[in-house]
Amino acid sequence: MSTEFPPVEPPDETVLREAEARHAVLTKPVGSLGRLEELGNWIAACQGSVPPKPFVRPRVVVFAGDHGITAQGVSAFPSEVTGQMVANFLTGGAAVNVLAQVAGATVRVVDMAVDADTPAAVSQHKVRRSSGSIDREDALTREQCELAIAAGRAVADEEVDAGADVLVAGDMGIGNTTPAAVLIASLTGSEPVAVVGRGTGIDDQAWMRKTAAIRDALRRARLVISDPVALLATAGGADIAAMAGFLAQAAVRKTPVVLDGVVVGAAAVVAEEMAPGAREWWVAGHESAEPAHAIALGHLNLKPLLEFGMRLGEGSGAVAALPLLISAVKVLAEMATFENAGITNRENTTG
C-alpha cells in the first residue's frame, strides 16, 4: 500500500498579488486591517479567485483513538472517556459542536482506534482498539499505520468531493498529548522537558511520569525519524496517522485547513515530512497552552490567529478562529473601493 503523496502545488502566487492589489484600493489605509488582510489574501490564493468566494461547507473532522501509554498514569482521565466523548460528539454536546454551530460548520467523527465499540457510521475506518504503550513498544504495526494514513487520505477526499471548501482537523483521545509531544520532539530536535505539558490537567506526580514516558519513547522514535511512516507506527497512533494523511491529502486537493492544537500540530509536522509544501495550505487557528505546540508551529513557520490559552483539542481552537476566515473573505469581497464609494484615496492625491 503506497504512502507516497504527489507533489503539492502551492496556493496561486499571482492571485495572491491580485488580492493584495485589491486591498490597496478598498476604503481603508493599506494594511490597516493587519492580519485580516493577509488571511483574506491567502484564502484568495488557495481558491484561485479574487475576490474570494464565501465558504459554503466548512467541515470539522475529529479523529478519535485511545493510546496504550495512558496505562502508565500520564493522564488525569481514564481511557474510557474517549468512547464516551465520541458519543457526546454524536449527540452534539461537546465544545466543538457548540463552536461549530457559531461558525456555520458541521462535525464528523472518525473512530480510528477507540478502545470501545462505536457506531458503524464512525468506525468504518477503524484500524484497531487502542495502541501500544510507546515507551516500550510500537504504537502500531507498519501495516496498521499504512491503513490509518490511507483512511485519512480517503476521508479528505470524501469531504472535498462532498463540497467541503475549508477543513478543520480535530482530535479526541485520552493520553494523546504524550505521543504528540514525542513526534514533535523527534522531528524538531527538542528535549522531553521542553515538550511535556499538563494535558488534561495532570498533577506533579503524573507530570513526572509523563516526562519519563516521553523520554523513553523519544529514544525509540529517534531511530526512525527519517521514515515518517515508521515514526508514526513507532510513536504515534492510528488517530494521529490518519490526521497526518488527512492534512497532506487536503493540501494535494488544494483545500485550506485550519489547524487546531498540539495533537493536530504533531500530525501536521509529520504530514509536512510526507508531503513537503503541505503547510502552505494550512493556517494555525490558535496556539495551545501545551508547550510542544509552540515548537511545532515554529517548525512549520505558522503564526497562530488566536492565543486564548486553550488546550481542549477536538478542533475547538481552530473552530473558534474560523469566523476570522469568514470575515477576511467578506472584507475582500464586499468592501467598497475608493472609486465606487466616491472617496478620495490619499495615494492618488498630490501636495
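Residues numbered from 1 in each chain as written. Predicted model: local features only at pLDDT ≥ 70, side-chain atom pairs only at ≥ 80, totals over all residues. Heavy atoms only, no water.

### Here's the deal with the UniProt feature "active site" (unreviewed entry) in the chain
The feature "active site" (unreviewed entry), as given by UniProt, occupies Glu-314 in the numbering adopted here. With respect to the secondary-structure elements, Glu-314 resides in the loop between α13 (291-300) and α14 (316-334). With sequence-adjacent residues up to four places away left out, Glu-314 is seen in contact with Val-60, Val-62, Met-85, Phe-89, Ala-94, Ala-95, Val-96, Gly-170, Asp-171 and Asp-260. Engagement of the side chain of Glu-314 in a polar contact is seen with the backbone nitrogen of Val-96, the distance being 3.2 Å. (UniProt positions renumbered as here; feature names shortened; annotations may be inferred. Helix = DSSP H or I, 4+ residues; strand = E, 2+ residues; numbered from the N terminus. Contact = heavy atoms within 4.5 Å. Polar contact = N/O pair within 3.5 Å; in protein donor to acceptor, adjacent residues only side chain to side chain.)

### Comments concerning the domain arrangement of the chain
Entries for the chain in the domain assignment read domain 1 (13-53 + 331-348) and domain 2 (58-324). Relative placement of domain 1 and domain 2: their C-alpha centres are 34 Å apart. Contacts between the two partners involve 5 residues from domain 1, matched on the other side by 11 residues from domain 2. Of the roughly 710 Å² buried between domain 1 and domain 2 on both sides combined, carbon and sulfur atoms contribute 68%. At the boundary of domain 1 and domain 2, one finds 3 residue pairs in polar contact (both at pLDDT 80 or more). When the residues that make up the side of domain 1 that touches domain 2 are grouped by side-chain class, the tally is 4 nonpolar, no polar and 1 charged. (Domains from an automatic or database assignment. Buried area = accessible area lost by both parts, 1.4 Å probe. Nonpolar A, V, L, I, M, F, W, Y, C, P; charged D, E, K, R; others polar.)

### Quick word on the pattern of salt bridges
All chains considered together, the criterion is met by 24 salt bridges. For the salt bridge of Arg-129 with Asp-117, the shortest nitrogen-to-oxygen distance reads 3.1 Å. Within this pair, whereas Arg-129 is found in the loop between α5 (120-123) and α6 (142-161), its partner Asp-117 is found in the loop between β2 (106-113) and α5, the two being separated by 12 residues in sequence. A salt bridge links Asp-216 to Arg-215; the nearest nitrogen and oxygen atoms lie 3.0 Å apart. A relative accessible area of 38% places Arg-215 in the partly exposed class. Among the charged side chains, a network of salt bridges with common partners joins Arg-57, Arg-59, Arg-108, Glu-158 and Glu-159. (Salt bridge = Lys/Arg side-chain N within 4 Å of Asp/Glu carboxyl O. Buried < 20%, exposed > 50% of the residue type's maximum accessible area, 1.4 Å probe, protein only.)

### Considerations on the layout of surface pockets
Taken as a whole, the largest pocket spans an internal volume of roughly 560 Å³. Of all the elements in the fold, those that place two or more residues in the lining of the largest pocket are α1 (13-23), α2 (35-47) and β5 (282-284). Among the elements that take part in the lining of the largest pocket, α2 stands out by supplying 6 residues, more than any other. The residue inventory of the lining of the largest pocket, partitioned by class, reads 11 nonpolar, 2 polar and 8 charged. A domain-level breakdown of the lining of the largest pocket finds at least three residues from each of domain 1 (13-53 + 331-348) and domain 2 (58-324). By volume, the second largest pocket amounts to about 400 Å³. Elements that contribute at least two residues to the lining of the second largest pocket include exactly α3 (80-90), β3 (166-172) and α12 (262-274). Tallied by class, residues from the lining of the second largest pocket come to 10 nonpolar, 10 polar and 5 charged. (1 Å grid on protein atoms, 1.4 Å probe; cavity = no way out; pocket = protein on both sides within 12 Å on 5 of 7 lines; lining within 4 Å. Points joined across faces, edges and corners; volume = space filled by probe spheres on them.)

### Structural notes on the packing of helix α7 (residues 177-188) against helix α10 (residues 228-235)
Relative to each other, α7 and α10 sit at 145°, their axes nearing to 10 Å. Read as a crossing pair, α7 and α10 show a hand that is right-handed. Contacts between α7 and α10 pair Pro-179, Val-182, Leu-183, Ser-186 and Leu-187 from the former with Leu-231, Leu-232 and Ala-235 from the latter. (Axes fitted to C-alpha atoms, helices over the stretch in contact; angles between N-to-C directions. Left-handed = near helix turned anticlockwise from the far one by under 90°.)

### A closer look at the pairing of β2
On any regular strand, side chains alternate: one points to one face of the sheet, the next to the other face. Counting buried positions over the 8 residues of β2 gives 6, a clear majority of the element. Pairing of strand β1 (residues 58-65) with β2, which is carried by 7 bridges, proceeds in the parallel orientation. Considered in β2, the bridge of Phe-63 is made with Val-110. (Pairing = 2+ DSSP bridges.)

### A short note on the environment of Glu-159
Looking at where Glu-159 falls in the secondary structure, it is placed in helix α6. For the pair Glu-159 and Gly-68, spaced 91 residues apart in sequence, the C-alpha separation works out to 30 Å. Setting aside chain neighbours within four positions, we find Glu-159 in contact with Arg-57, Arg-59, Val-61, Arg-108, Ala-164 and Leu-167.

### Describing the side chain of Ser-316
Tracing the backbone shows Ser-316 in helix α14. If sequence neighbours within four positions are ignored, Ser-316 has contacts with Val-96, Leu-99, Asp-260 and Met-310.

### As for the nonpolar core
Most often, soluble globular proteins keep nonpolar side chains buried together rather than apart. Of all hydrophobic cores here, the largest spans 110 residues; its most connected members are Phe-63, Met-112, Leu-232, Phe-246, Leu-247, Trp-282 and Leu-325. Considering each element in turn, this core owes the most residues, 11 residues, to helix α11 (residues 238-252). When residues of this core are assigned to domains, at least three map to each of domain 1 (13-53 + 331-348) and domain 2 (58-324). Excluding its chain neighbours within four sequence positions, the residues that come into contact with Leu-247 are Ala-169, Val-257, Leu-259, Val-264, Ala-267, Ala-268, Ala-271 and Trp-282. Of all hydrophobic cores here, the second largest spans 5 residues; its members include Val-15, Ala-19, Ala-44 and Leu-332. (Core = buried A, V, L, I, M, F, W, Y, C linked by side-chain atoms within 4.5 Å.)

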